[in-house]
Every structure is written in structure tokens, then in C-alpha cells.
Amino acid sequence: MSSERVLLRRGRYADSVTLLQVSRQVGQAAGVHAAMVGMATELNLELLAGMGFDPPGGGSPNELFIAVRGADQQAVEAAAALADQLLDEPRPRSS
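Residues numbered from 1 in each chain as written. Predicted model: local features only at pLDDT ≥ 70, side-chain atom pairs only at ≥ 80, totals over all residues. Heavy atoms only, no water.

### As for the pairing of strand 2 (residues 32–39)
Here's step 1: With seven of its eight residues buried, strand 2 lies for the most part within the structure.
Here's step 2: As defined by bridge partners, strand 2 adjoins strand 3 (residues 64–70) across seven bridges and the pair is classed as antiparallel. Residue pairing for strand 3: alanine 35 is matched across the bridge by valine 68. (Buried < 20%, exposed > 50% of the residue type's maximum accessible area, 1.4 Å probe, protein only. Helix = DSSP H or I, 4+ residues; strand = E, 2+ residues; numbered from the N terminus. Pairing = 2+ DSSP bridges.)

As C-alpha cells, then:
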């Protein structure tokens, strides 16, 4: 039986490249079946719904979401924690 979770992170922002990289890394974590990390824009929420997730309610396009579906609750929680960890890591700036 699989488990899933969609978390809204108010006051968080990440650029699209970072979000794609984090989504890919979280999606490759052990026990994860599907994952998406993105800003809560209309397009991203449509993509999220297309993946079978219930989009978070009450969000604005300036807020970040983490959506994970996995083999069990433990895999989902670990993947969400990984997403937060990756988002907190400093990113090199391009000049």
C-alpha cells in the first residue's frame, strides 16, 4: 500500500533549475514512486494534479510545495525531509 503527502512551504522560494534538480533527486530516493517540488503556480498545480496528487489548498504562486508518493509513510517522510535538506543547501551562483 502506497502513501503520499503534499506539503506547502510558505515563505520559501527556489528557482526553477533548483526545483527540477531537487525533484529529480527526491524522485530517485529509496521507496519513492513519484515526486514533484515546485512553486504553487497554476501550471505546476495542474502538473501536480496530472500526476494524481491533490494540489495544496490555500497556496499562492509565491509558495513552494513538496509532493511525494512512496511505498510507505516512512519513505514519504524521508523523501520530504530530503527535499527540505536539498532546498536548504547553498547553491553556487553563476556569474
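### Structural notes on the sheet that holds strand 1 (residues 3–9)
Here's step 1: One open sheet accounts for three strands, arranged 1-3-2; its pairing is antiparallel. Where the open sheet ends on each side, the last strands, each with one partner, are strand 1 and strand 2. On average, each strand axis in the sheet is inclined to that of its neighbour by 5°, with strand direction left out of account.
Here's step 2: With seven bridges connecting them, strand 1 and strand 3 associate as antiparallel partners. By the bridge assignment for strand 3, leucine 8 is matched with phenylalanine 65.
Here's step 3: Running over the sheet, helix 1 (residues 16–27) touches strand 2 and strand 3 and is turned about 165° from strand 2.
Here's step 4: Lying over the sheet, helix 2 (residues 42–50) contacts strand 1, strand 2 and strand 3, oriented at roughly 170° with respect to strand 2. (Axes fitted to C-alpha atoms, helices over the stretch in contact; angles between N-to-C directions. Contact = heavy atoms within 4.5 Å.)

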